[in-house]
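Structure at a glance
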Amino acid sequence: MNRPMQALESSWKWAVQTARLCCGVPDYDAYVKHLREHHPEREVPSYEEFFRERQEARYKGTGGRCC
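Everything in this summary refers to the structure shown in the same document. (Residues numbered from 1 in each chain as written. Predicted model: local features only at pLDDT ≥ 70, side-chain atom pairs only at ≥ 80, totals over all residues. Heavy atoms only, no water.)

1. As for the pattern of salt bridges
Filter applied, for reference: Every case where a carboxyl oxygen of Asp or Glu lies within 4 Å of a side-chain nitrogen of Lys or Arg is listed as a salt bridge. Secondary structure follows DSSP: runs of H or I at least 4 residues long count as helices, runs of E at least 2 residues long count as strands, and numbering of each begins at the N terminus.
With the rule as written, the count across this model stands at 2 salt bridges. Its salt-bridge partner being Lys-13, residue Glu-9 comes within 3.3 Å of it at the nearest N-O pair. Remark: Lys-13 and Glu-9 occur in helix α1 (residues 3–22); sequence separation between them is 4 residues, near one turn of the helix. Between Arg-54 and Glu-53 there is a salt bridge, and its shortest N-O distance comes to 3.6 Å.

2. Considering the layout of surface pockets
Under the convention used in this document: Put simply, the grid is 1 Å and covers the protein atoms alone, a cavity is a trapped set of points that fit a 1.4 Å probe, a pocket is an open set with protein on both sides within 12 Å along at least five of seven lines, and lining residues have an atom within 4 Å of a point. Grid points are joined across faces, edges and corners, and a volume is the space filled by probe spheres set on the points. Polar here means any residue outside two lists: the nonpolar Ala, Val, Leu, Ile, Met, Phe, Trp, Tyr, Cys and Pro, and the charged Asp, Glu, Lys and Arg; Gly therefore counts as polar.
Taken as a whole, the second largest pocket spans an internal volume of roughly 160 Å³. What lines the second largest pocket is a set of 10 residues, among which Lys-13, Val-16, Gln-17, Arg-20 and Asp-27 lie closest to the centre. In terms of residue count, the dominant contributor to the lining of the second largest pocket is α1 (6 residues). When its residues are assigned to classes, the lining of the second largest pocket shows 5 nonpolar, 1 polar and 4 charged.

3. Thoughts on the side chain of His-39
We apply this condition: The rule is simple: take the accessible area with a 1.4 Å probe, protein chains only, and divide by the maximum for that residue type; under 20% is buried, over 50% is exposed, in between is partly exposed. N or O atoms within 3.5 Å of each other form a polar contact, as long as, within protein, one can give a hydrogen and the other can take it, and as long as residues adjacent in sequence are counted only when both atoms are side-chain atoms.
Position of His-39 among the secondary structure elements: in the loop between α2 (28–38) and α3 (47–60). Assessed through its relative accessible area of 13%, His-39 is described here as buried. One polar contact links His-39 to His-34, side chain to side chain, over a distance of 3.4 Å.

4. Things to note about α3
Just so we agree on the cut-off: To estimate how far a helix should reach, multiply one less than its number of residues by 1.5 Å. Directions pointing from the helix axis toward each C-beta atom define the arc. Contacts were defined at the residue level, with two residues in contact if any of their heavy atoms lie within 4.5 Å.
Compared with an ideal rise of 1.5 Å per residue, which puts 14 residues at 20 Å, α3 spans 19 Å between its outermost C-alpha atoms and is within 8% of the ideal. Three or more residues of α3 are buried, namely Phe-50, Arg-54 and Ala-57. An end-on view of α3 places all buried positions within 65 degrees of arc, on one side of the element. Residues Glu-48, Tyr-59 and Lys-60 are exposed on α3 and point more than 90 degrees away from its buried face. On the buried face of α3, the contacting elements are α2.

Pasting the structure below:
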């Protein structure tokens, strides 16, 4: 991939992550990394399970932080 395309892709990923965080949806990739580093015994949920859990935690007030 050429340099301008890499810069565009990087900018796009940053913009998507920022938009998700503004809407209250944490980054799935960061969540998976956290689980693997700090909770290797836990099963990694699918993106759909992760998204549903995050939405429930946000709108039902069930918390959401493990650490």
